[in-house]
Amino acid sequence: MTPFLERYGQGCGQPGRDWFHPLTGWFLVEMMKLEDARPGILAFATRAPPLWRNAVAAALSSGIVYSPDSFLLRTNGDIGDQAIDVQVADALIQMRPIAVLEAIYGEVPTGLPSILKRIGSSLLNTPDAYVRLHALLTAEEPERKARAQVLERLDARLDDELIQVVEVLDLNILSPKTALAVRTASEAHRLNARVPVIRQVCSSATDDSLRQSIEDAPHFRVSNWVRGWLGRADRLPSLGIPLDDDPGVERITPATARAMGRHWQNCLAGHTNAMAMSSTAYFAIADLSVIAVVTRTDVGWLLSGLHGRANFPVSVEAAQRVKERLGSQGVICLMPAGPPPEMGIAAGVFTDIDDLDFDFAGMSV
């Protein structure tokens, strides 16, 4: 490192006097090793254009320092008597970026120089990222080729995260715009995990509509996007009991919740998340003027709420009829029973009946 510092001390390549880009991370470590063998290459790298820096980074990631034979043979035609590190450093300084790429790969993949330019002077964070990039651009599998085409069409500065998004995002919704919207690999993995659920419960969730909704989102976030799609769910999983086939019972879905809420004069639209998760199911029983809520338990579906129009309480008679109807179709129906007879005389000391009774929503005794 000393020759590098001495060069700057002599006024060569000082920041503010020359075009200067700081070096960091693994690339700086590798260049410092070459600096020890050939003083001056580190200073040269700080003033080199982005394409040269990325081409050299690709060369170093391919292991030219440790297995330099093919690189030096393609560059010089033979391997000289000088130390290998010196020969490699001298060759890199003298070569144009495309020549460096040709020397390490033999044939430069289409689009690679343009992609390296868009990575810019910051470089990729790991040597493996350059190895994966080359593998993606030279892959023969149709899926990998499609991803490479998306990467080549991206009109933005590239970095590790964005390249990983192109590598992992569900291919059916991948496009240059969706890659830019998702932006990070962690978001891409979260999105991939949730898309199958959306496809399962939303009949409108085609590949085109999913892709378009990401591209049109002004500030894309996976959580908001998933909630928006689940709010359109119209084919929820069945309960797995005879109630599924009762023609007099209409299951309320997120897609119908708003209209049903207006009809029943209540806030059904505020419960779409619970509906979409299918741990709770809402049913409209028109002939009884009741909305029944059933909750999944480890022993089956449990009747957990009854609501009349405009959320009015349900009478004992109506609740009993619902219990008989749903109970015959596989729903566990437990109704509040109040205190035992011997305790009834003490009921008046409580200011709120809820202090004494275990009461399900909307159920009366």
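Look up a bit, the structure's there.
Residues numbered from 1 in each chain as written. Predicted model: local features only at pLDDT ≥ 70, side-chain atom pairs only at ≥ 80, totals over all residues. Heavy atoms only, no water.

I tried to follow the overall build of the protein chain on my own but got confused; where do I start?
What the protein chain contains, in helices and strands, is 18 helices and 4 strands. The burial tally for the protein chain puts 43% of its 365 residues in the buried class. Intrachain contacts of the protein chain at a sequence separation of at least 6 include 57% that bridge at least 24 residues. As displayed, the protein chain has an accessible area near 18500 Å², and 53% of this comes from carbon and sulfur atoms. (Helix = DSSP H or I, 4+ residues; strand = E, 2+ residues; numbered from the N terminus. Buried < 20%, exposed > 50% of the residue type's maximum accessible area, 1.4 Å probe, protein only. Contact = heavy atoms within 4.5 Å. Areas by Shrake-Rupley, 256 points an atom, 1.4 Å probe, with all protein chains shown as cover.)

Explain the packing of helix 7 (residues 97-105) against helix 8 (residues 112-119) to me, please; I cannot follow it from the model alone.
Geometry of a packed helix pair, given as the angle between the helix axes and the separation of the axes. In contact at an axis separation of 11 Å, helix 7 and helix 8 are set at 120° when each is read in the N-to-C sense. When the axis of helix 7 is compared with that of helix 8, the two are oblique. Crossing of helix 7 against helix 8: the hand is right-handed. Residues Ile98, Leu101 and Tyr105 of helix 7 form the contact with helix 8, whose own contacting residues are Leu112, Pro113 and Leu116. The class makeup of the residues in the contact of helix 7 with helix 8 is 6 nonpolar, no polar and no charged. (Axes fitted to C-alpha atoms, helices over the stretch in contact; angles between N-to-C directions. Parallel < 35°, antiparallel > 145°, perpendicular 65-115°, else oblique. Left-handed = near helix turned anticlockwise from the far one by under 90°. Nonpolar A, V, L, I, M, F, W, Y, C, P; charged D, E, K, R; others polar.)

Just checking my understanding: could you explain the environment of leucine 230 for this structure?
Take leucine 230: it is sitting in helix 15 (residues 222-230). With relative accessibility at 12%, the residue leucine 230 sits in the buried group. Taking the C-alpha atoms as reference, leucine 230 lies 9.0 Å from methionine 275; in sequence the two are 45 residues apart. In contact with leucine 230, not counting residues within four places along its chain, are Ile198, Val201, Pro254 and Ala276.

For this particular structure, what's the right way to read the pairing of strand 2 (residues 280-285)?
In regular strands, side chains alternate between the two faces of the sheet. A large share of strand 2 lies buried, amounting to 6 of its 6 residues. Side-chain alternation along strand 2 places Thr280, Tyr282 and Ala284 on one buried face and Ala281, Phe283 and Ile285 on a second face that is also buried. The pairing of strand 1 (residues 249-252) with strand 2 spans 4 bridges and is classified as antiparallel. Its bridge partner being in strand 2, glutamate 250 is matched across the sheet by alanine 284. Bridge count for strand 2 against strand 3 (residues 290-297) is 6 bridges, and the pairing is antiparallel. When the sheet's bridge partners are listed, isoleucine 285 is paired in strand 3 with valine 290. Counting the residues between successive antiparallel strands, the hairpin from strand 2 to strand 3 contains 4 residues, one of them, serine 289, with a positive phi of roughly 55°. (Pairing = 2+ DSSP bridges.)

What's the story with the packing of helix 4 (residues 50-61) against helix 8 in this structure? I'm lost.
Interaxial distance between helix 4 and helix 8 falls to 8 Å at its minimum, and their mutual angle equals 110°. Relative to helix 8, the element helix 4 lies roughly perpendicular. Here Leu51, Asn54 and Ala55 of helix 4 come into contact with helix 8, specifically with Pro113, Leu116, Lys117 and Ile119.

Before we go on, may I ask you to explain the nonpolar core in this structure?
Side chains that are nonpolar tend, in soluble globular proteins, to be buried together. Counting residues in hydrophobic clusters, the biggest one holds 73 residues, and the most contacted among them are Phe71, Leu191 and Trp225. By residue number, the principal contributor to this core is helix 4, which donates 8 residues. Core analysis: the second largest hydrophobic core is formed by 21 residues, Val294, Trp301, Ala319 and Cys333 among them. (Core = buried A, V, L, I, M, F, W, Y, C linked by side-chain atoms within 4.5 Å.)

Which parts of the structure should I look at to understand the sheet that holds strand 2?
Strand-to-strand pairing in sheets goes through backbone hydrogen bonds, with the strands running parallel or antiparallel. The sheet built from 4 strands is open, its strands ordered 1-2-3-4 with antiparallel pairing. Two strands lie at the open edges of the sheet, namely strand 1 and strand 4 (300-307), each paired on one side alone. Mean inter-strand twist for the sheet, computed between neighbouring axes without regard to direction, equals 30°. Against the sheet, helix 16 (residues 254-264) touches strand 1, strand 2 and strand 3, its axis set at about 125° to strand 1. Packing against the sheet, helix 18 (residues 316-327) makes contact with strand 1, strand 2, strand 3 and strand 4, and its axis sits at approximately 155° to strand 4.

Hey, could you run me through the layout of surface pockets in this one?
Any space left empty among the atoms is revealed by the rolling of a water-sized probe across them. For the largest pocket, the calculated volume is near 150 Å³. Every residue along the wall of the largest pocket is listed here: Arg194, Val197, Ile198, Gln200, Val201, Val226, Leu230, Pro237, Ala276, Met277 and Ser278. Among the elements of the structure, helix 13 (185-201), helix 15 and helix 17 (272-277) are those that each provide at least two residues to the lining of the largest pocket. For the lining of the largest pocket, the element with the most residues is helix 13, which contributes 5 residues. Looking at the lining of the largest pocket residue by residue, the classes come out as 8 nonpolar, 2 polar and 1 charged. (1 Å grid on protein atoms, 1.4 Å probe; cavity = no way out; pocket = protein on both sides within 12 Å on 5 of 7 lines; lining within 4 Å. Points joined across faces, edges and corners; volume = space filled by probe spheres on them.)

These figures capture arrangement, not role.
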